[in-house]
Amino acid sequence: IPLNDSETDEQFSPALTYNTGFISNQNVKNYIFHCVDTLVPHDFFNILRGYLTQDNFSWLQNFSGKSLYYLNPEQTKKIYELKGLFNLRVMNGVEKGGPGAPGGSITVSKQTLLDIGGYDPELFYGWAPEDSFFWTKLITTKRKIDAIRSCHIYSHDMPEVYADNPPIKLYHMHHEHVPNYKWTEMHELHDSFWSFPHEEKKKYIEAKSKKFLKDIKI
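Presented here is an overview of the structure given in this document.

## Observations regarding the nonpolar core
In step 1: Judged by nonpolar contacts, the single largest core of 30 residues is most densely connected at Phe33, Trp59, Ile106, Phe134 and Trp135.
In step 2: When residues of this core are traced back to their parent elements, those giving at least two are helix 1 (14-24), strand 1 (30-34), strand 6 (105-109), helix 4 (110-116), helix 5 (130-140), helix 6 (183-195) and helix 7 (198-215).
In step 3: Leu48, Phe63, Leu68 and Ala163 belong to the second largest nonpolar core, which has 11 residues in total.

See below:
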């Protein structure tokens, strides 16, 4: 992976760790990319398995409605104290967030990941919209998304890529955000990609896929 600490301002890079995870094991059909601050219910993998066994599986947002459930500081502390030995579904007062970035937890087939060139640590690191950018690349491979401002408008048009039937609830723990002084710059880059014509988006994805295959020597 042609990146070093100086290229990410020594900040943690989720995009880089996701690509590294893929490179470290290429002998499976599907990969789950999941934020460490997001908790899953006890039957998560049983439900998810039903989605993964569907014909021609390509990718899936691992929670329903593009919305996470948010734990407050007291609820998060309780989970820590119990070391996770707790049924999240009996937790009272959990707030459902509004529809947000479709990252956080996503399952992608190996071939799909190769087709879109993995994540983009060359562009995003620290607290950044790498997950929404990744999602827009996925959507672009399946729909003609032409010069729009948000991929969210396609939610109603692609029910097959959301874990809605049956629904899966995921729970986001409370924590403070670590500021990223390049957040505005990264978000502008991200918004610019949304606004590209469809053919320009495709050109970027195809170029990134070729580079990714070359970098990981496939």
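## Looking at the side chain of Asn19
In step 1: Here Asn19 is to be found in helix 1.
In step 2: On the basis of relative accessibility, which here comes to 5%, the residue Asn19 falls in the buried class.
In step 3: In this view, Asn19 contacts Gly118, Tyr119, Pro121 and Phe212; residues no more than four positions away in its chain are not counted.

## Examining the sheet that holds strand 6
In step 1: Read from one edge to the other, the open sheet built from 3 strands follows the order 1-6-3, with strand pairing classed as antiparallel. Looking at which strands have only one partner, the edges of the open sheet turn out to be strand 1 and strand 3 (59-61). Shown here is a sheet whose adjacent strand axes are inclined to one another by a mean of 15°, direction ignored.
In step 2: Of the strand pairs in this sheet, strand 3 and strand 6 are connected by 3 bridges, and their pairing is antiparallel. Bridging across to strand 6, Gln61 finds its partner in Ile106.

## Points about the environment of Glu160
In step 1: Residue placement: Glu160 occurs in the loop between helix 5 and strand 7 (171-172).
In step 2: Judged by relative accessible area, Glu160 falls into the partly exposed class, the value being 38%.
In step 3: Each C-alpha atom, one on Glu160 and one on Gln61, is 9.5 Å from the other, the two residues being 99 residues apart in sequence.
In step 4: In this structure Glu160 touches Leu60, Lys142 and Arg143, once residues within four positions along its chain are discounted.

## Describing the pattern of salt bridges
In step 1: Scanning the entire structure with this criterion turns up 7 salt bridges.
In step 2: Between Asp43 and Arg89 there is a salt bridge whose closest N-O contact spans 2.8 Å. Taken together, the residues span a long stretch of sequence, with Asp43 in the loop between strand 2 (38-39) and helix 2 (44-52) and Arg89 in the loop between helix 3 (73-81) and strand 5 (95-96) at a distance of 46 residues.
In step 3: The exposure class assigned to Asp43 is buried, which follows from its relative accessible area of 18%.
In step 4: Salt-bridge contacts for Lys208 lead to Asp120; the nearest nitrogen and oxygen are separated by 3.3 Å.

Cut-offs and rules
- Residues numbered from 1 in each chain as written.
- Predicted model: local features only at pLDDT ≥ 70, side-chain atom pairs only at ≥ 80, totals over all residues.
- Heavy atoms only, no water.
- Core = buried A, V, L, I, M, F, W, Y, C linked by side-chain atoms within 4.5 Å.
- Buried < 20%, exposed > 50% of the residue type's maximum accessible area, 1.4 Å probe, protein only.
- Helix = DSSP H or I, 4+ residues; strand = E, 2+ residues; numbered from the N terminus.
- Contact = heavy atoms within 4.5 Å.
- Pairing = 2+ DSSP bridges.
- Axes fitted to C-alpha atoms, helices over the stretch in contact; angles between N-to-C directions.
- Salt bridge = Lys/Arg side-chain N within 4 Å of Asp/Glu carboxyl O.

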